[in-house]
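The primary structure of each chain is shown beneath.
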Amino acid sequence: MKPTAIVYTSNTGFTAEYASLLGGETGLPVYALEDAKKSLPQNSPILYLGWLAAGKVQGYDKAVTNFDIQALCAVGMTRSGSQLEDVKKANNLPEGLPLFTLQGGFDLHKLRGVYRLMMLVMSKTVAKKLAAKSERTPDEEDTLDLFQNGGSRVSLENLKPVLEWYRGVSA
């Protein structure tokens, strides 16, 4: 079934950026989850985007009880296309649900509460560990750069697999 809307939950804005880009590319309306619950009929087919925290896609549980999720995009700090099995397992995703992981970014200043504290500790720990390595992979270099400098990795390029999937179900 073809999604009729894009619904998202965002914390620091990277997931919202992806949702907006997808809306522009697909022509689908874009809603924050709370707005979608008020605006869309129950069980509407949607493409859902949520940010990752400790492997859990934020807002997924609420979205799945209100809508018919056709595909799921999980936005985190790691390279797009990575951690698929971990995300499937951590969220108990149904077999066959199309899943895409997208690299968002890191902005400690936009985080609040427990997430800010958690990421402050994690960024210092991981950055220290990575900085001490004599040889780093490109992914490790990118992670170190994000933790040290912050930044966004949101791009239309990262959405190519999602758009290919969408065009396939829309044909």
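A short tour of the structure in this document, coming up. All figures in this text were calculated on a predicted structure; none of them were measured in a lab.

Conventions we followed
- Residues numbered from 1 in each chain as written.
- Predicted model: local features only at pLDDT ≥ 70, side-chain atom pairs only at ≥ 80, totals over all residues.
- Heavy atoms only, no water.
- Helix = DSSP H or I, 4+ residues; strand = E, 2+ residues; numbered from the N terminus.
- Rg over C-alpha atoms; globule rule 2.2 N^0.38 Å.
- Buried < 20%, exposed > 50% of the residue type's maximum accessible area, 1.4 Å probe, protein only.
- Areas by Shrake-Rupley, 256 points an atom, 1.4 Å probe, with all protein chains shown as cover.
- Lys, Arg positive; Asp, Glu negative; His and termini not counted.
- Charge placed at Lys NZ, Arg CZ, Asp CG, Glu CD.
- Salt bridge = Lys/Arg side-chain N within 4 Å of Asp/Glu carboxyl O.
- Pairing = 2+ DSSP bridges.
- Right-handed = clockwise from strand over helix to strand, strands pointing away.
- Core = buried A, V, L, I, M, F, W, Y, C linked by side-chain atoms within 4.5 Å.
- Contact = heavy atoms within 4.5 Å.
- Expected span 1.5 Å × (residues − 1).
- Arc of directions from axis to C-beta.
- Polar contact = N/O pair within 3.5 Å; in protein donor to acceptor, adjacent residues only side chain to side chain.

### Here we look at the overall build of the protein chain
Per the secondary structure count, the protein chain includes seven helices and eight strands. Relative to the compact-globule value of 16 Å for 171 residues, the protein chain shows a C-alpha radius of gyration of 16 Å, a close match. Taken across its 171 residues, the protein chain has 44% of its residues classed as buried. Just so you have it, the protein chain exposes about 9100 Å², and 53% of that area is on carbon and sulfur atoms. Of the side chains in the protein chain, 19 bear a positive and 18 a negative charge, and the two mean positions are spaced by 6 Å.

### Some thoughts on the pattern of salt bridges
Applying the stated criterion across every chain yields a total of eight salt bridges. Taking the shortest distance from any N to any O, the salt bridge between Glu-34 and Lys-37 comes out at 3.4 Å. With a gap of three residues between them, Glu-34 and Lys-37 both fall in helix 2 (residues 33-39), about one helical turn apart. A relative accessible area of 33% means that Lys-37 is categorised as partly exposed. Across the salt bridge formed by Arg-153 and Asp-145, the nearest N and O atoms sit 2.8 Å from each other.

### Notes on the pairing of strand 1 (residues 5-9)
Most of strand 1 is tucked away: five of the five residues are buried. Taking every second residue as pointing to the same face, both faces of strand 1 are buried, with Ala-5, Val-7 and Thr-9 on one and Ile-6 and Tyr-8 on the other. The sheet contact formed by strand 1 and strand 3 (residues 45-53) spans five bridges and is parallel. Bridge pairing links Ile-6 to Leu-47 in strand 3. Bridge analysis of strand 1 against strand 2 (residues 30-32) gives three bridges, and the strand direction is parallel. Within strand 2, the position partnered with Ile-6 by the bridge is Val-30. The parallel pair strand 1 and strand 2, bridged by helix 1 (residues 14-26), forms a crossover whose chirality is right-handed.

### Things to note about the nonpolar core
Judged by nonpolar contacts, the single largest core of 20 residues is most densely connected at Leu-22, Leu-47, Leu-49 and Val-162. At the level of secondary structure, the elements contributing two or more residues to this core comprise strand 1, helix 1, strand 3, strand 5 (68-76), strand 6 (99-103) and helix 7 (160-170). Discounting chain neighbours no more than four positions away, the residues touching Leu-22 are Ile-6, Gly-27, Leu-47, Leu-49, Leu-159, Val-162 and Leu-163.

### A look at helix 6 (residues 138-149)
Helix length check: helix 6, at twelve residues, gives a terminal C-alpha distance of 16 Å against a target of 16 Å (1.5 Å per residue), a fit within 8%. For helix 6, the complete set of buried residues consists of Leu-144, Leu-146 and Phe-147. Looking straight down helix 6, one finds that the buried residues subtend no more than 160° of arc, so they occupy a single side. Exposed residues lying more than 90 degrees from the buried face of helix 6 are Pro-138 and Asn-149. Positive backbone phi, approximately 70°, marks Gly-150, located one or two places after helix 6.

### Some points on the environment of Pro-94
Mapped onto the fold, Pro-94 is located in the loop between helix 4 (84-91) and strand 6. Considered as a pair, Pro-94 and Val-30 are 64 residues apart in the sequence and their alpha carbons are 24 Å apart.

### Comments concerning the environment of Ala-32
Position of Ala-32 relative to the elements: it lies in strand 2. Overall, Ala-32 belongs to the partly exposed group, its relative accessible area being 23%. Other than its neighbours up to four places away in sequence, Ala-32 contacts Val-7 and Tyr-8.

### What about the side chain of Thr-9?
Along the chain, the position of Thr-9 falls in strand 1. Judged by relative accessible area, Thr-9 falls into the buried class, the value being 19%. A polar contact is formed between the side chain of Thr-9 and the side chain of Tyr-48, at a distance of 2.5 Å. Apart from the residues lying within four places of it in its own chain, the contact partners of Thr-9 are Thr-15, Leu-33, Tyr-48, Leu-49, Gly-50, Trp-51, Gln-58 and Gly-59.

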